[in-house]
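# Overview (structure and organization)
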Amino acid sequence: MQRGILLFLCILALGRTAVIYKRCQVTRALNDKLLYDKRLTYLGDYFPKDYKMIVRYEEVLRCQNITSLINQGITVEELRYLWGIVNEDILIKIKEVLPDRHPSFGYITELLKIFKELLLDTITHQTEIIQDIMERLRKPDDTGPRKSVRPKALLDNCFRVLYALYEEECNLCNPSSRLMAL
Ligand SMILES: *[C@@H]1O[C@H](CO)[C@@H](O)[C@H](O)[C@H]1NC(C)=O
């Protein structure tokens with residue numbers, strides 16, 4: 001009997017480890033894809049100078065937002081979900097403005113695929129604050145206040161928040177921040 005329980009707990013723990021392992025594999029792939037050089041090339045150099053996209057205020061999700069939401073009692077799990085949804089939206093928008101043969105098309109498509117995978121195993125339960133933000137995000141495109149932002153700035157935010165949400169659990173490593181620390 002005792003042994004049965006122990007075995008059960010063991011399997012449970014292994015299952016959890018496997019989930020974290022999988023999640024970290026995906027976030028590491030994302031981290032590699034989002035390193036500074038790639039962001040600069042695919043979202044800066046390959047776009048017309050001063051090109052900006054019109055997005056909702058909620059789509060500009062910075063570390064400051066994350067800090068303030070944590071202070072309001074929002075869990076990291078929920079923030080990961082919000083961040084995933086926001087960035088999936090952004091990537092879809094960027095993809096929509098790109099012709100198929102644009103040099104960034106493949107890059108954006110791959111990022112989108114990674115986000116889809118990541119969102120598969122994030123939670124769906126949301127507190128009211130997150131539900132409100134989601135609602136504003138889902139409103140039709142022509143309602144509510146807008147902002148114009150460079151595509152690179154959007155993915156810079158995406159990268160920084162990735163660190164805020166996964167660095168510890170997944171041991172992410174950012175070569176440029178390591179250089180700065182030296
Ligand atoms: C993040 O903060 C900005 C500025 O304070 C705000 O406009 C935006 O709605 C916030 N985003 C989210 C998702 O809360």
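Residues numbered from 1 in each chain as written. Predicted model: local features only at pLDDT ≥ 70, side-chain atom pairs only at ≥ 80, totals over all residues. Heavy atoms only, no water.

## Some thoughts on the nonpolar core
Core analysis: the largest hydrophobic core is formed by 48 residues, its most contacted members being Leu30, Leu34, Leu82, Trp83, Ile94, Leu155 and Tyr166. Counting only elements with at least two residues in this core, the list comes to α1 (2-33), β1 (53-56), α3 (63-71), α4 (76-97), α5 (105-120), α6 (128-138) and α7 (151-170). For this core, the element with the highest residue contribution is α7, accounting for 10 residues. The contacts of Leu30, once residues within four sequence positions are left out, are Trp83, Leu111, Ile114, Phe115, Leu118 and Leu162. (Core = buried A, V, L, I, M, F, W, Y, C linked by side-chain atoms within 4.5 Å. Buried < 20%, exposed > 50% of the residue type's maximum accessible area, 1.4 Å probe, protein only. Helix = DSSP H or I, 4+ residues; strand = E, 2+ residues; numbered from the N terminus. Contact = heavy atoms within 4.5 Å.)

## Section: the site of the ligand
Lining the immediate environment of the ligand, one finds Tyr57, Glu58, Val60, Leu61, Asn65 and Ile133. One nitrogen or oxygen atom from the side chain of Asn65 is found 2.3 Å from an oxygen atom belonging to the ligand. Protein chains bury 64% of the 360 Å² of accessible surface belonging to the ligand in isolation. Looking at the shell around the ligand residue by residue, the classes come out as four nonpolar, one polar and one charged. (Near = heavy atom within 4 Å. Polar contact = N/O pair within 3.5 Å; in protein donor to acceptor, adjacent residues only side chain to side chain. Areas by Shrake-Rupley, 256 points an atom, 1.4 Å probe, with all protein chains shown as cover. Nonpolar A, V, L, I, M, F, W, Y, C, P; charged D, E, K, R; others polar.)

## Considerations on a nonpolar patch on the surface
Together, Ile5, Phe8, Leu9 and Leu12 line one region of the surface with nonpolar side chains, adding up to about 400 Å² of accessible area. Inspection of the secondary structure assignment puts Phe8 in helix α1. (Patch = residues over 30% accessible without salt bridge, like charges linked within 9 Å, V, L, I, M, F, W, Y side chains within 5 Å. Salt bridge = Lys/Arg side-chain N within 4 Å of Asp/Glu carboxyl O.)

## Observations regarding the pattern of salt bridges
Enumeration according to the criterion identifies 12 salt bridges in this entry. Three or more residues are tied together by salt bridges with common partners; here these are Arg23, Glu77, Arg80 and Glu169.

## A word on the packing of aromatic side chains
Under the counting rule described, the total for this entry stands at six aromatic pairs. Judged by centre distance (5.1 Å) and plane angle (50°), the rings of Phe159 and Tyr163 are tilted. In this pair, Phe159 and Tyr163 both sit in helix α7, four residues apart, roughly one turn of the helix. As far as burial versus exposure is concerned, Phe159 and Tyr163 are alike and both buried. Chaining the aromatic ring pairs together yields one cluster made of Tyr42, Tyr46 and Tyr107. (Phe/Tyr/Trp six-rings, centres within 6.5 Å; stacked < 30°, edge-to-face > 60°.)

## Thoughts on unusual backbone geometry
Here the phi dihedral of Asp50 falls at roughly 65°; this positive angle occurs in a residue that is not glycine. In this structure, Asp50 sits in the loop between α2 (36-45) and β1. We note that Asn171 has phi near 55°; this positive angle belongs to a residue other than glycine. Mapped onto the elements of the fold, Asn171 is located in the loop between α7 and α8 (175-181).

Any functional reading would require information beyond the geometric quantities listed.
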